[in-house]
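Reading the structure
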Amino acid sequence: MKILVVEDNPQVAETIMDYLELSGHRMDCAYHGQAALQLLAEQRFDVIIMDVMMPRLDGLSTVARLREQGIPTPVLFLTARDSLDDKLAGFKAGGDDYLVKPFAMEELEVRLQALALRGPRCDMGALSVGELTLDPASSRATRAGVELKLGKIPFQILTLLVRRAPHLVSRQEVLDTVWGDEEPDSDALRSHIYALRNALDKPFPTPMLETLHGQGYRLVTS
């Protein structure tokens, strides 16, 4: 399996990674939610181990956001919080399993194998806004039946806007979702919005992408 460990305690992360690597799995690590979102935008994993209490972006918020982005990778929450309310919150956020600390490494691996065999979540199908249809799993988008040619980052921005539509998405939320901690220079977002607008609006009689200067972006339908 290719596994992402999201854990802010380096010692815990290293212990998990060492054990699972010895079992033949490929590992990567992020120490907070923002870094995890950036890795998940760039790579595919079979399963994610997610701590709950983390700085910058906690585990529940991270999983909720990756589900909003259409990322269907199974998630196992790993936490010392063991109340029923905590577990229910984990599943509500989009988690697939919940293991309480302290735990046995053998049980962790068996649970991960079960999640990987189950495969990506199947409840995250195509999204629609007006005449726009978007499938996060295949990275395809169409408007009025015409396929849109979008690069990776414009597609990520469009996915966020579709999931929030018709509400406004702030510029900072776009930056956090797409780039995480490695915020680009001021021209990068502008150029990707320009590319998205060209693909989404230019070939069609009515625009869908609206920019509210100083506020953010949203999708509108006539």
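The rules behind these values
Residues numbered from 1 in each chain as written. Predicted model: local features only at pLDDT ≥ 70, side-chain atom pairs only at ≥ 80, totals over all residues. Heavy atoms only, no water. UniProt positions renumbered as here; feature names shortened; annotations may be inferred. Helix = DSSP H or I, 4+ residues; strand = E, 2+ residues; numbered from the N terminus. Buried < 20%, exposed > 50% of the residue type's maximum accessible area, 1.4 Å probe, protein only. Contact = heavy atoms within 4.5 Å. Pairing = 2+ DSSP bridges. Salt bridge = Lys/Arg side-chain N within 4 Å of Asp/Glu carboxyl O. Phe/Tyr/Trp six-rings, centres within 6.5 Å; stacked < 30°, edge-to-face > 60°. Lys NZ or Arg CZ within 6 Å of the ring centre and 35° of its normal. Core = buried A, V, L, I, M, F, W, Y, C linked by side-chain atoms within 4.5 Å.

Our focus in this paragraph is the UniProt feature "modified residue: 4-aspartylphosphate" (unreviewed entry) in the protein chain. As recorded in UniProt, the sites labelled "modified residue: 4-aspartylphosphate" (unreviewed entry) are Asp51. Turning to its location among the elements, Asp51 is positioned in strand β3 (residues 47-51). Given a relative accessible area of 5%, Asp51 falls into the buried group. Asp51 has contacts with Val6, Glu7, Asp8, Gly59, Leu78, Thr79 and Lys101, leaving out every residue within four places of it along the chain.

Within the secondary structure, Leu158 is located in helix α6 (residues 152-164). Looking at Leu158, the relative accessible area reads 0%, which means it is buried. As for Leu158 and Leu200, which are separated by 42 residues in sequence, their C-alpha atoms are 9.2 Å apart.

Turning next to the pairing of strand β1 (residues 2-6). Buried residues dominate β1, accounting for five of its five residues. The side-chain alternation of β1 yields two buried faces, one formed by Lys2, Leu4 and Val6 and the other by Ile3 and Val5. Sheet topology places β1 next to strand β2 (residues 26-30); five bridges connect them, and they run parallel. When the sheet's bridge partners are listed, Val6 is paired in β2 with Ala30. Summarising the sheet, β1 and β3 pair through four bridges and their orientation is parallel. Bridge pairing in β3 links Val5 to Ile49.

Enumeration over the complete set of coordinates arrives at twelve salt bridges. Taking the shortest distance from any N to any O, the salt bridge between Arg111 and Glu107 comes out at 2.9 Å. With Arg111 and Glu107 both in helix α5 (residues 105-118) and four residues apart, this pair spans about one turn of that helix. Residues Arg143 and Asp201 are paired through a salt bridge, measuring 3.1 Å at the closest nitrogen-oxygen approach.

Another point: the packing of aromatic side chains. A complete count under the given rule lists one aromatic pair for this structure. Between Phe77 and Tyr98 the ring centres are 6.3 Å apart and the planes differ by 50 degrees, which places this aromatic pair in the tilted class. With Phe77 in strand β4 (residues 75-79) and Tyr98 in strand β5 (residues 97-100), the pair connects residues that are 21 residues apart, well separated along the chain. Judged by its relative accessible area of 0%, Phe77 falls in the buried class. In this arrangement the basic side chain of Lys2 is found over the ring face of Phe45, its NZ or CZ atom lying 5.0 Å from the centre.

Once that is clear, we can look at the nonpolar core. Formed by 27 residues in total, the largest nonpolar core has its most connected members in Ile157, Leu158, Leu200 and Leu219. Elements with a minimum of two residues in this core: β6 (127-129), β7 (132-135), α6, α7 (171-179), α8 (186-200) and β12 (216-219). When residues in this core are grouped by element, the largest group, seven residues, is from α6. In this structure, Ile157 is in contact with Val174, Val178, Leu189, His192, Ile193 and Leu196, ignoring residues within four places of it in sequence. Counting 19 residues, the second largest nonpolar core, distinct from the first, contains Val6, Ala30, Leu57 and Leu66.

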